Amino acid sequence: MARSGHNKIVSLICLLILMVLQNMSFCDNKGASLSDSERKQLMKQHYADAIKSYQEGDYAKAIRYWEEILNLDPGQTQPQKLIGMAREKLQQKNKGVLTEIEKLYNAGKYGSAAQKLSLVVESNPNNSYLQELLQKLKTVISTIGDKTADDKLSALLRTAVTN
């Protein structure tokens, strides 16, 4: 589906949710110190911020807003669906970056690879695989540094680290 069509669907879903919020009473869970009207207003703002973030391509931020909505009202069902859609978009977005990171890594440019991977981990803080990969990369950097030279030792080290 085209990006604009996908964004329209997300916007429509969120608009429907906002309409439901107008007539909703909240479960008493997190945010217990807020009145119903304050909670409704906060959720409405989180939905608006999530939609804006999603449309701007900041899927990780949109996910955080939708998770906040679930903290305010665990009975909400739409945020889970929207989080799933945003995670798919995030994976698509990161696929090209991960390919670039792999190329940098294979070329011995471990510092550059670590910088790019740090950004990916930042946008996917719950992804333990990416966190583990970043930690391994930092270990390589602290042990041997960048190995981009064309000499035999650097080539051997790159091969050893890659395999």
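What this report covers is the structure whose coordinates are included nearby. All figures in this text were calculated on a predicted structure; none of them were measured in a lab.

1. Looking at helix α3 (residues 59-72)
Alright, step 1. Compared with the 20 Å implied by 1.5 Å per residue over 14 residues, the 20 Å span of α3 between its first and last C-alpha is a close match.
Alright, step 2. For α3, every residue scored as buried is listed here: Tyr 59, Ala 60, Ala 62, Ile 63, Tyr 65, Trp 66, Ile 69, Leu 70 and Leu 72.

2. Remarks on the layout of surface pockets
Alright, step 1. Taken as a whole, the largest pocket holds about 330 Å³ of empty space.
Alright, step 2. Lining the largest pocket are 17 residues, with Arg 87, Leu 90, Ser 123, Asn 124 and Asn 127 positioned closest to its centre.
Alright, step 3. Contributions of two or more residues to the lining of the largest pocket are made by α3, α4 (78-106) and α5 (110-123).
Alright, step 4. Here the lining of the largest pocket gets six residues from one element, more than from any other, and that element is α4.
Alright, step 5. Of the residues in the lining of the largest pocket, the class split is seven nonpolar, six polar and four charged.
Alright, step 6. By volume, the second largest pocket amounts to about 230 Å³.

Cut-offs and rules
Numbering of residues starts from 1 in every chain and runs along the sequence as written. This being a predicted model, a pLDDT of at least 70 is required before a residue's local features are given, and a value of 80 or more before pairs of side-chain atoms are given or counted; all residues contribute to the totals for chains, interfaces and linings. Water and hydrogen atoms play no part in the side-chain values, which are based on all heavy atoms of the structure. The helix and strand labels rest on DSSP assignments: H or I over at least four residues marks a helix, E over at least two residues marks a strand, and numbering proceeds from the N terminus. Every helix has an expected span of 1.5 Å times one less than the residues it contains. In this scheme, a residue with accessible area under 20% of its type's maximum is buried, one over 50% is exposed, and one in between is partly exposed, where area comes from a 1.4 Å probe on protein chains only. The pocket and cavity definitions rest on a 1 Å grid over protein atoms only: a 1.4 Å probe that fits but cannot leave marks a cavity, an open set with protein on both sides within 12 Å along at least five of seven lines marks a pocket, and residues lining either have an atom within 4 Å of a point. Grid points are joined across faces, edges and corners, and a volume is the space filled by probe spheres set on the points. In this classification, Asp, Glu, Lys and Arg are treated as charged, Ala, Val, Leu, Ile, Met, Phe, Trp, Tyr, Cys and Pro as nonpolar, and every other residue, Gly included, as polar.

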